[in-house]
Amino acid sequence: MKILLDNGHGIETPGKRSPDGVLLEYAYNREIASAILEHLQLRGIDSELVVPEEADISLSERCRRINVAAMRNGIADTAVISIHVNAAGNGQQWMNATGWCAYTYPGHSQSDEIATCLYKSAKRYLKGQRLRTDYSDDDPDFEAPFYILKHTYCAAVLTENMFMDALPDYRFLLSDEGKRAIVNLHVDGIQNYINGW
């Protein structure tokens, strides 16, 4: 199984930061994705970053890279996890929305199985934190036609790792405990999916 990690956004992306400017989403996504990659590789899981650059690589180019890797490795044996941090506002003020969630493209697919494994892992590692769910289609993830989910050939899940513009989430995300939890939930969720749990 080939795992591709897409660290969302880039240094040029406007906005995408906490209201105080401390948490920059592109940088946080890269830190988390790099740590996930290291842990996956230590477990012997074939994995790589979609965007090693700091630049804001376009969604079409990200999907092209993912699809090239999927065609090379086999579509059924490839999955991409797109790492993001959520926001409820425009980055100018603190908001109240909190919680972790994942998205898949509408319809039941292999992506839903991966997302469910990530949710189970999130429940373990984010004790005391809110998990945002949508069981309207009998699984916990939300569905949306996000570009990266719609235009990739392989299974794809986008995780929104809490809210950078909500003070409780913001403090957790920047803490060592929070970073470990976000990394571990992805690593274990991916491992459990590969192991058929």
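What counts and how
Residues numbered from 1 in each chain as written. Predicted model: local features only at pLDDT ≥ 70, side-chain atom pairs only at ≥ 80, totals over all residues. Heavy atoms only, no water. Helix = DSSP H or I, 4+ residues; strand = E, 2+ residues; numbered from the N terminus. Rg over C-alpha atoms; globule rule 2.2 N^0.38 Å. Buried < 20%, exposed > 50% of the residue type's maximum accessible area, 1.4 Å probe, protein only. Contact = heavy atoms within 4.5 Å. Areas by Shrake-Rupley, 256 points an atom, 1.4 Å probe, with all protein chains shown as cover. Lys, Arg positive; Asp, Glu negative; His and termini not counted. Charge placed at Lys NZ, Arg CZ, Asp CG, Glu CD. Polar contact = N/O pair within 3.5 Å; in protein donor to acceptor, adjacent residues only side chain to side chain. Core = buried A, V, L, I, M, F, W, Y, C linked by side-chain atoms within 4.5 Å. Pairing = 2+ DSSP bridges. Right-handed = clockwise from strand over helix to strand, strands pointing away. Axes fitted to C-alpha atoms, helices over the stretch in contact; angles between N-to-C directions. Parallel < 35°, antiparallel > 145°, perpendicular 65-115°, else oblique. Left-handed = near helix turned anticlockwise from the far one by under 90°. Nonpolar A, V, L, I, M, F, W, Y, C, P; charged D, E, K, R; others polar.

K.L.:
So what exactly am I meant to see when it comes to the overall build of the protein chain here?
P.N.:
When helices and strands are tallied, the protein chain shows six helices and six strands. For the protein chain, the α and β elements follow one another from N to C terminus as β-α-β-α-β-β-α-β-α-β-α-α. Taking 197 residues into account, the globule formula puts the C-alpha radius of gyration at 16 Å, and the protein chain, at 15 Å, falls close to it. By principal-axis analysis of the C-alpha atoms, the protein chain measures approximately 45 × 35 × 35 Å. The burial tally for the protein chain puts 50% of its 197 residues in the buried class. Taking all contacts inside the protein chain whose residues are at least 6 apart in sequence as the whole, residues at least 24 apart take part in 77%. Roughly 9,100 Å² of accessible area belongs to the protein chain as shown, and the carbon and sulfur atoms make up 50% of that amount. Side-chain charges of the protein chain comprise 19 positive and 27 negative groups, with the mean position of each set lying 3 Å from the other.

K.L.:
Explanation requested: the side chain of Asn-7 in the structure shown.
P.N.:
Looking at where Asn-7 falls in the secondary structure, it is placed in strand E1 (residues 2-7). The buried category is assigned to Asn-7, whose relative accessible area is 1%. In this structure the side chain of Asn-7 is engaged in a polar contact, spanning 2.9 Å, whose partner is the backbone oxygen of Val-51.

K.L.:
Honestly, the nonpolar core in this entry has me stumped. Any pointers?
P.N.:
For soluble globular proteins, nonpolar side chains are generally found buried alongside one another. Core analysis: the largest hydrophobic core is formed by 55 residues, its most contacted members being Ile-36, Leu-40, Ile-81, Trp-100, Ile-114, Leu-126 and Ile-182. The biggest single contributor to this core is helix H6 (residues 176-194), with seven residues. For Ile-81, the residues in contact, after removing those within four places along its chain, are Leu-4, Leu-5, Asp-6, Ile-114, Leu-118, Val-157, Thr-159, His-186 and Ile-190.

K.L.:
Is there a simple way to think about the pairing of strand E4 (residues 101-104) in this case?
P.N.:
Looking down a regular strand, the side chains alternate between one sheet face and the other. By the alternation rule, side chains of E4 split into Cys-101 and Tyr-103 and Ala-102 and Thr-104, which are all buried. In this structure, E4 lies alongside strand E6 (residues 155-163), joined through three bridges in antiparallel fashion. Paired with Tyr-103 across the two strands is Leu-158, which belongs to E6. Where E4 and strand E5 (residues 142-143) come together, two bridges link them in parallel fashion. Within the sheet, the bridge partner assigned to Thr-104 lies in E5 and is Glu-143. You can see the chain leave E4, run along helix H3 (residues 110-125) and come back into E5, and the turn it takes is right-handed.

K.L.:
Honestly, the pairing of E6 in this entry has me stumped. Any pointers?
P.N.:
Extensive coverage of E6 is indicated by the burial of nine of its nine residues. Judged from the seven bridges that link them, strand E3 (residues 78-86) and E6 form a sheet pairing that is parallel. Of the residues in E6, the one forming a bridge with Val-80 is Ala-156.

K.L.:
Hey, could you run me through the packing of helix H1 (residues 25-42) against H6 in this one?
P.N.:
Describing two packed helices takes the angle between their axes plus the distance from one axis to the other. Running from amino to carboxyl end, H1 crosses H6 at an angle of 45°, the nearest separation of the two axes being 9 Å. For the element pair H1 / H6, the angle class is oblique. Viewed along their axes, H1 and H6 form a crossing whose handedness is right-handed. Across from Tyr-28, Glu-31, Ile-32, Ala-35, Ile-36, His-39 and Leu-40 in H1, the residues of H6 making contact are Lys-179, Ile-182, Val-183, His-186, Val-187 and Ile-190. For the contact of H1 with H6, the class distribution of residues is nine nonpolar, two polar and two charged.

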